[in-house]
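Here's the letter readout for the chains.
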Amino acid sequence: MSLELAPATTRRIPGMAGLARIVRSDVLAGIGLVLLVLIVLAAILAPWISPYPADGTVATHPMESLLAPSSSHWLGTDQVGRDVLTRLLYGARTSLVIAVAVLALAAVIGVTLGVIAGYLGGLVGDLIMRVTDIFLAFPALLLSLALAMVLHPSVTTAIIAIAVTWWPWYARLTASVASSIRHRGYIDAARCLDVPTRRVIRRHVLPNSLTPVLVQLSLDAGGVILTAASLSYLGLGAQEPTSEWGLMVEQGQSLFTTDWWVVTFPGLAILITAFAFNVLGEGLRAGLDPRRESR
Amino acid sequence: MSSIVERLEPVVRVRDLVVGYGGCQVASLPELDLLPGQCIALVGGSGSGKTTSLLAILGLLGRSASVTGSIRTCGVDVLTATGAGLRAIRGSRIALIMQSPQESFNPTTRFGALMRRTLALHGVRGKDAEARIARSLSNVQLPAEILRRYPHQVSGGQAQRLAIALAVALGAEVIAADEPTSALDVTVQAEVVALLQRLRAERGLAVLLVSHDLALVSTVADRIVVMQSGTVVDAGTPREIVTQSQVPYTRELIAAVPTLDGADE
Amino acid sequence: MSKPEPSTRQEAQQAPLLGAEGLRVRYGPVTAVHAADIVIPASPTRIGLIGESGSGKTTILRALLGLVRPASGAVRYRGTVLQALHGAARAEFRNTVQPVFQDGNEALDPRMRIATSIAEGLRRPGNRAERRDRIASLLDDVGLAPELAQRYPHQLSGGQRQRVIIARALAAEPSLLLLDEPTSALDVLVQDRILRLLERLCAERRLSLLLVTHNLAVASRLCDTAHVMHRGRIVESGSMRRILADPTNDYTRALVRAVPTLMGRSEGPVTR
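The rules we used
Residues numbered from 1 in each chain as written. Chains lettered and ligands numbered in written order. Predicted model: local features only at pLDDT ≥ 70, side-chain atom pairs only at ≥ 80, totals over all residues. Helix = DSSP H or I, 4+ residues; strand = E, 2+ residues; numbered from the N terminus. Rg over C-alpha atoms; globule rule 2.2 N^0.38 Å. Buried ≥ 20, exposed ≤ 12 C-beta atoms within 10 Å, placed from the backbone. Contact = placed C-beta atoms within 7 Å. Pairing = 2+ DSSP bridges. Axes fitted to C-alpha atoms, helices over the stretch in contact; angles between N-to-C directions. Nonpolar A, V, L, I, M, F, W, Y, C, P; charged D, E, K, R; others polar. Left-handed = near helix turned anticlockwise from the far one by under 90°. Expected span 1.5 Å × (residues − 1). Arc of directions from axis to C-beta. Parallel < 35°, antiparallel > 145°, perpendicular 65-115°, else oblique. pLDDT = per-residue confidence, 0-100.

## Section: the overall build of chain C
Assigned secondary structure in chain C consists of ten helices and ten strands. The C-alpha atoms of chain C give 19 Å as radius of gyration, which agrees with the globular expectation for 272 residues (19 Å, within 12%). With the C-alpha coordinates aligned to their principal axes, the bounding extent of chain C is approximately 55 × 55 × 40 Å. Of all 272 residues assigned to chain C, the portion counted as buried reaches 47%.

Right under this line is the structure:
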């Protein structure tokens, strides 16, 4: 009974098509999307577009160490003579893999637990949320560090250590959405058809709980990359000779005043990637929120 | 009586109003004169253009709407007025009441704070504001303690009466109401309508009412304008519309009114 | 706990289809329903449950559907308490008694196509073609074009969505529909059409219905019997005709008076 709109206008647009449309209308989010596409392409094509592909992995050239940016090495070389640009491109792979793996793991664990806790409520729900609270009570980085120290430092360790601290946020987010869905008409209708709880959760609660999670995922990606960089910086994540931006920053920081390019470019890479993810996520959040509520 | 009324300046004067969205005509209102103390109702089903017309009169249509014609509301030419010009009349001269009262209010603000803040926005503060608030509450027959409540703590009917109280406190001469009773129970609808009637009689308030409920408006309007698919198809006094109209859409609206049946189905 | 099996078919058929005895429902500290008794007989019947918001009428509807558990009293389906129904008996209950919720409360999953929502109500398994045919036939029954099957709820108007909600209820082939304010969110023209649809469906399929509404006029159009509720109690019951002509309770009288009438028509019941 609100505004009579011309029939073609739709109030809410579920699904990917809607998201794409929103992003296109928000300039900043569009920039973020373009940047991300470029970063992902760069990561995928790293072996083919890097000037010195071997430098991305095991090669070292001690004779060419710490060369300033030039026409043969656009971004210079690091302490062991590896091309910084190449390391940057290979580092994109590592960072993106870490981001995707962490978020996938955290989302799967968090959303599953959150949906169950939110929809079922009661004792089970309380139990899950208290466990979530316990994890949230730890300062994330400390927990990650503790885990990483126990396990052998590596990219896999970094992934596990970060995912462990990240899932509670998704659990909480999903639980709050799921508990509001519990009382919707279509859930009642399903219950009146004796649809088993498992199926109600899978077919109704889960799909309708995902939108805020998706938005949060894009916002978190930048944060995960930063955290992974921190772990590497502290020596607990990716190890030599893997290219990883945080590791590069850690190794290059002492050289900042003399050979600035070694730390600056990976630092910029982290910044730009985190920025792109954030801006995309904000665009999604802003675009979806006003359209979300029908009441 | 009618000759006196004719000499009064209309508070809302519309001529040749046409509203379009993206090339599609959505509403067309050729003529409307709302005199002080009068009640005109725009009636029709969804998509009839009645709400769009109301919003156009208040200058509340977004930039994506193309609006042509002449609209003069409380002395302001709505189509050419600046933001400041429109703000000067909105609230303090013409107040808008919407269908879902609890949703028009900020859920985190108590009613008292809301009223004081709104009055302050229109330059009324301190003792003057308190006096106006107290008077308006007694006008709508709500207890003073409702000022301490939050929107979700009151019933729909109470929230709607509070919206009317706010309009009264601001000194509005015109109330524009968009389906003010559609979200309320029938028992409460009658109360809200009775309140509007009383305010008209006591304070000379003019009312521009939008509704899909012909029965409801027939008890309160001086004049009914029937709209269908964006155009005016019928107009007249309630008696003319209900007893004499031959327009098919009007007759449909009349037939659709649920009346108390002796259950002879 | 459950009553002894009715010894003859006659007895079973005379037992009320669905009933509430001494129903008391609490939400935390608040008692929403005080000791309500409602009987829905096995033969086709149309009962109205009328009251304002907060009167408890929707709570009774939810209790009759087994969606809320009573604090005391019982809801029985063909004599058996709902909680005691299992297996085939429970499935029969679900097939026989179906709700029609209000569109305003998101009664349709916004992420499911109309066809999928309706299919959820289909109780007999069948292959894809059979399902498609049954969905098309249900859409036709409620007056919707078959192309709408692949649309999403937000692409339909309020009236169309309410029809889909009815179609989903009909998919289970019920004998009794419990309707919660099916037309309150709709404008008067659409409301009229939905009410006519319900009248037709009830006649064609010999359906019983329990209509919960705040609008006495709407109830009077569809229902033969009525219960009036106020603050959690049933304050008056009887035939619709009697209640309209001669209400004994003050609140009922207020309800009758509150129905807006058109100018030029008298108040009170109108015989057509």
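On we go from here.
## Points about the overall build of chain B
Secondary structure assignment for chain B yields eleven helices and ten strands. Relative to the compact-globule value of 18 Å for 265 residues, chain B shows a C-alpha radius of gyration of 19 Å, a close match. For the C-alpha atoms alone, the extent of chain B along its principal axes is close to 55 × 55 × 40 Å. In chain B, of all internal contacts separated by at least 6 residues, the share reaching a separation of at least 24 is 67%.

## Details of the sheet that holds strand E8 (residues 208-213) of chain C
All names here are of chain C. Strand order in the open sheet made by the six strands is E6-E7-E8-E3-E9-E10, with mixed pairing throughout. This sheet does not close on itself; its edge strands, each paired only once, are strand E6 (97-100) and strand E10 (233-239). Each strand of the sheet is rotated relative to its neighbour by a mean of 15°, with strand direction disregarded. By the bridge criterion, six bridges tie strand E9 (residues 225-230) to E10 in an arrangement that is antiparallel.

## A look at the interface of chain B and chain C
If you look at the interface, chain B gives 30 residues, while chain C gives 36 residues. Going through the elements one at a time, helix H8 (186-203), helix H9 (214-218), helix H10 (238-244) and helix H11 (248-256) of chain B are the ones with two or more residues in the side of chain B that touches chain C. Residues belonging to the side of chain B that touches chain C are distributed by class as follows: 14 nonpolar, nine polar and seven charged.

## A look at the packing of helix H4 (residues 84-120) of chain A against helix H9 (residues 197-233) of chain A
Axes are the key here: two packed helices are described by the angle between their axes and the distance separating the axes. Residue and element names in this part refer to chain A. With their axes 8 Å apart at the nearest point, H4 and H9 run at an angle of 145° to one another. Handedness of the crossing formed by H4 with H9: right-handed. Residues Ser-95, Ile-98, Ala-99, Val-102, Leu-103, Ala-107, Val-111, Val-115 and Tyr-119 of H4 touch H9, and the partners they reach there are Ile-201, Val-205, Leu-206, Ser-209, Val-213, Leu-217, Asp-220, Ala-221, Val-224, Ile-225 and Ala-228. Of the residues belonging to the contact of H4 with H9, the class tally is 17 nonpolar, two polar and one charged.

## Some thoughts on helix H2 (residues 27-44) of chain A
All names here are of chain A. For H2, which comprises 18 residues, the first-to-last C-alpha distance of 26 Å matches the rise-based estimate of 26 Å (1.5 Å per residue) to within 8%. For H2, the full list of buried residues reads Ala-29, Gly-32 and Leu-33. Seen from one end, H2 has its buried residues packed into an arc of 100°, which puts them on one side. Residues of H2 that are exposed and point more than 90 degrees away from the buried face comprise Val-27, Val-34 and Leu-41.

## Some points on unusual backbone geometry
In this structure, Cys-74 of chain B is a non-glycine residue whose phi angle is positive, near 50°. Mapped onto the secondary structure, Cys-74 of chain B falls in the loop between strand E4 (65-73) and strand E5 (76-77). For Arg-78 of chain C, which is not glycine, the phi dihedral falls at a positive 45°. Tracing the backbone shows Arg-78 of chain C in the loop between strand E4 (72-77) and strand E5 (80-81).

## A word on the packing of helix H6 (residues 126-139) of chain B against helix H7 (residues 156-170) of chain B
All names here are of chain B. The interhelical angle for the contact between H6 and H7, taken along N-to-C directions, is 135°, at an axis separation of 8 Å. In terms of their interaxial angle, H6 and H7 are classed as oblique. Here H6 runs over H7; the crossing is right-handed. Contacts from Arg-132, Ile-133, Ser-136, Leu-137 and Asn-139 in H6 reach Ala-165, Val-168 and Ala-169 in H7.

## A few points about the confidence of the model for chain C
Residue and element names in this part refer to chain C. Overall, the predicted model of chain C reaches an average pLDDT of 88, with 91% of residues at or above 70. pLDDT under 50 marks residues 264-272. Its contacts with residues more than four places away, or in other chains, come to 19 contacts. Taken together, the chains of this predicted complex give a pTM of 0.83 and an interface ipTM of 0.87.

## Here we look at the sheet that holds E4 of chain C
Residues and elements named next belong to chain C. Spatial ordering of the open sheet is given by E2-E1-E4-E5, a layout of four strands whose pairing is antiparallel. Here the strands that pair on one side only, and so sit at the sheet edges, are strand E2 (30-40) and E5. The sheet contacts of helix H2 (residues 57-64) involve strand E1 (18-27), E2 and E4, and relative to E1 the element is tilted by about 120°.

## So, the pairing of strand E1 (residues 12-21) of chain B
A regular strand places its side chains on the two faces of the sheet in alternate fashion. All names here are of chain B. Strand direction decides the pairing type here: E1 and strand E2 (residues 24-34), joined by nine bridges, are antiparallel. By the bridge assignment for E2, Val-12 is matched with Leu-34. From the end of E1 to the start of E2, which pair antiparallel, there are two residues, and Gly-22 there has a positive phi angle of about 50°. As paired elements, E1 and E4 share eight bridges and run antiparallel to each other. In the sheet register, Gly-20 faces E4, and the bridge partner there is Ser-66.

## Remarks on the pairing of E4 of chain B
Residue and element names in this part refer to chain B. Direction of pairing for E4 relative to E5: antiparallel, over a ladder of two bridges. Counted as the bridge partner of Thr-73 is Val-76 from E5. The loop that links E4 with its antiparallel partner E5 comprises two residues; one of these, Cys-74, has a positive phi angle of about 50°.

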